[in-house]
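# Structural features, examined
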Amino acid sequence: MATVGACIFSTDLSPAFCRDTTSSSSGKPKRNPINVKRVLAVSTEQSSTATTVNIKTASTRRGFVEKKRREEADDETRQRVNDVEESGESERKSKSLKDYFDEAKEMIRSSSSDGGAPRWFSPTECGSHTHDYPLLLYLPGIDGVGFGLIRQHERLGKIFDVSCLHIPAKDRTSFTGLVKLIERRVRSENERPPNRPIYLVGESLGACLALAVAARNPDIDLMLILSNPATSFSNSVLQATMPLLELIPGQINVTLAYMLSLMTGDPLKLAVDNAVKGIALQPTIQELSQDLAAMSSYLSVLADILPKETLLWKLELLKSASAYANARLHAVKAQSLILCSGRDQLLPSQEEGQRLSCALPICQTRCFENNGHFLFLEDGADLVTIIKGASYYRRGRSLDYVSDFIPPTTTEFNKIYENNRWIIDISSPVMLSTLEDGKIVRGLSGIPAEGPVLFVGYHNLLGFDVYTLVPEFMKEANILVRGLAHPVMFNKSKDGGLPDIGPFDKLRMMGAVPVSGINFYKLMSSKSHVLLFPGGMREALHRKGEEYKLFWPESSEFVRMAAAFGAKIIPFGAVGEDDLAQIVFDYDDQMKIPYFKSQIEEWTERLVKLRRGDTNEEVAKQEVHFPYSIPKVPGRYYFYFGKPIETEGRKRELRDKKKARELYLEIKSEVEKDIAYLKEKRESDPYRNILSRFIYQAMNGFNSQVPTFEI
């Protein structure tokens, strides 16, 4: 089947995306709810016998906002987004740095009472273990406690089988000894069915351990997540600290106090952030004062975690770890996701992230400008969200963008919505749909709730239409519209040139998949709502004067695929790009300048050729360029979804290429009619201009729906 897809880029190199978004889901069972009582199962390296340690209990408030409702059809598992379990904000707030220290004390007591050997433990708040989920092994940083993911445990436990490594303070196992300990666990787990990947999540020292294990075991299916890796130790302030630390007497020294200040963060920044979120400043400052007073009382705990002799040992360990890992980077074959903090005061993490992304074969990086060294203990770093956004979660040998997809929680969706709020506010989208009797109504009540549904329409300039369309479907109809998108959204360019794929994370979280026949098939078979722009990149990156002109391929394969599953096809029109921006420097202009011409040719050559065999040469070429545009006084976006076209029972009929072609042309004609309808009707919209909308909302409330033309 000929592939179809869409891709967009904004003129400032931020993504305007390759769009098509679908619903989705895996048929895997959900985790059981966590036990409220916290118990740790701890096993030493030498023995598989588990001992238990009672840890302070913590109650967790959980809401359920989205759930996947499953049905069986034609032996295929299909899911539609209803309510996916809400766990983000409430779970992150349920654990804090104070909890880290409280549980660290318990772990220190436990390890000191039984010989202090390194051991694995599984926080039972992560849920019961099951081999239906990939294994996640957490490798701690310089503290060695193993509770670095304490704020992430509950969410991680819903999609992973989690184990954490604890390295007691008095343990003096060498770096190679720790590597062998982890290696034994990895090899043992790798021999167990089913074939599931093993995730190694390492912080600083732990990142070096993960790299070393990956280098020694290139044939094992490993997924690395490296937070502020200590491979940069030779360029860090820590190395300069070593000779000074030896001269400082006593156990509780300025180095420990400094590390505690790094872990507690900036009190003023926290107060301002909370005030911005709407929290009263005075109570916030009072709470922060109490928290900081409590934190200072944990200086003695930090001294137990890192007494002076242990700190010196750990610094030497970091030195050897950095040298060992750097010498073997060439042997690492595993996928890697590097997380870099912009305010890491211990390591030059952002520079190191850039270096490693070039040195490692399959690598992505994500930067967190406002976070420090202890990334997972801070606000703004939700590991599950990071993994989902990077399309880094899989349960088998290869990533399945449909069955491995985890829909966004309400918290995640709200963040995405707020980040895109600016374009929603300035464009004030009008959504129209068509009921079964042909009546046009405002809203999405004419959209079938059950899939499969295929939306086929025109792709506006730079794909800004998708920023409003997909969120509105989630917000108004609780329908997750997934999309078949250009592979540039998913594959990093090793030698640069093309945009970084990090900005596309939000689109992947909303369900975008790389365009391909097999992915289209899987989305249809899973009864998804799928968004398709047949004009693809050529339509989204059009030239001057080509507004609302369709550039569709000759192939009509999407019609036959939809008919194979009895999907409803909904043609739709979208207008508004000409009221938001004006192209001033397009493809034709750029091809006249040697620099831009060579850049376009280079980018086009690098990208996957999606329509190589199409007879429409102009559509098949799809040269990659970035049209430059200037903003206008904002007008308004309008979407008109026509009456669904039924394909149920027409599978045999539409196998005939001629019949499929006729329906294809009918859909194209309907899209053109929908566009013409909107262009005409918007002329009578008294609120087409942003000023009139602003006045209306000022008088009626800024959350009120702004009226539009008479339907």
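Residues numbered from 1 in each chain as written. Predicted model: local features only at pLDDT ≥ 70, side-chain atom pairs only at ≥ 80, totals over all residues. Heavy atoms only, no water.

### Description of the overall build of the protein chain
Broken down by element type, the protein chain carries 25 helices and 22 strands. Residue burial in the protein chain is summarised as follows: out of 711 residues, 59% are buried. Carbon and sulfur atoms make up 52% of the accessible area of the protein chain, which amounts to about 28,700 Å² in all. (Helix = DSSP H or I, 4+ residues; strand = E, 2+ residues; numbered from the N terminus. Buried < 20%, exposed > 50% of the residue type's maximum accessible area, 1.4 Å probe, protein only. Areas by Shrake-Rupley, 256 points an atom, 1.4 Å probe, with all protein chains shown as cover.)

### Overview of the confidence of the model for the protein chain
Summarising the model, the protein chain shows a mean pLDDT of 79, and 74% of its residues fall at 70 or more. Residue range residues 1-92 is modelled with pLDDT below 50. Its contacts to residues more than four positions away, or to other chains, number 346 contacts. (pLDDT = per-residue confidence, 0-100. Contact = heavy atoms within 4.5 Å.)

### Comments concerning unusual backbone geometry
Glycine aside, residues mostly have negative phi, and peptide bonds are mostly found in the trans state. A cis amide bond links G451 to the next residue, P452, at an omega of 5 degrees. With respect to the helices, strands and loops of the structure, P452 is situated in the loop between β13 (440-442) and β14 (453-457). Although it is not a glycine, S204 adopts a positive phi angle of roughly 45 degrees. Within the secondary structure, S204 is located in the loop between β8 (198-203) and α5 (205-216). Assessed through its relative accessible area of 5%, S204 is described here as buried. Although it is not a glycine, S428 adopts a positive phi angle of roughly 40 degrees. In this fold, S428 is placed in the loop between α15 (421-427) and β12 (430-434). Given the relative accessible area of 12%, S428 is considered buried.

### Considering empty space enclosed by the protein
Taken as a whole and judged by the stated rule, the model has 9 cavities of 30 Å³ or more. Reported here for the second largest cavity is a volume of approximately 150 Å³. Around the second largest cavity, the lining is made up of 15 residues, and of these K388, S391, D404, F405 and I406 lie nearest the centre. Broken down by class, the residue content of the lining of the second largest cavity amounts to 9 nonpolar, 1 polar and 5 charged. (1 Å grid on protein atoms, 1.4 Å probe; cavity = no way out; pocket = protein on both sides within 12 Å on 5 of 7 lines; lining within 4 Å. Points joined across faces, edges and corners; volume = space filled by probe spheres on them. Nonpolar A, V, L, I, M, F, W, Y, C, P; charged D, E, K, R; others polar.)

### Overview of the pattern of salt bridges
The tally for this structure, following the rule as stated, stands at 29 salt bridges. We note a salt bridge from D400 to K522, for which the minimum N-O separation is 2.9 Å. With D400 in the loop between α13 (383-389) and α14 (410-419) and K522 in helix α18 (residues 517-525), the pair connects residues that are 122 residues apart, well separated along the chain. Between R421 and D425 there is a salt bridge whose closest N-O contact spans 3.0 Å. Taken together, the positions of R421 and D425, both in helix α15 and 4 residues apart, correspond to about one turn of that helix. For R421, a relative accessible area of 23% translates into the label partly exposed. Sharing partners across several salt bridges, the network here consists of D161, R185, E189, R192 and R196. (Salt bridge = Lys/Arg side-chain N within 4 Å of Asp/Glu carboxyl O.)

### Focus on the packing of α18 against helix α20 (residues 557-564)
Interaxial distance between α18 and α20 falls to 9 Å at its minimum, and their mutual angle equals 35 degrees. Here α18 and α20 pass one another in a crossing that is right-handed. Along its contact with α18, which presents G517, F520, Y521 and M524, the element α20 presents F558, M561 and A562. Split into classes, the residues belonging to the contact of α18 with α20 amount to 6 nonpolar, 1 polar and no charged. (Axes fitted to C-alpha atoms, helices over the stretch in contact; angles between N-to-C directions. Left-handed = near helix turned anticlockwise from the far one by under 90°.)

### Some remarks on helix α22 (residues 594-606)
With 13 residues, α22 ought to run about 18 Å at 1.5 Å a step, and its terminal C-alpha atoms sit 18 Å apart, in line with that. Along α22, the residues classified as buried are F596, Q599, I600, W603 and T604. The buried residues of α22 occupy an angular sector of 130 degrees when the element is viewed end-on, so they sit on one face. Looking at α22, the residues exposed on the side facing more than 90 degrees away from the buried face are P594, Y595 and E605. (Expected span 1.5 Å × (residues − 1). Arc of directions from axis to C-beta.)

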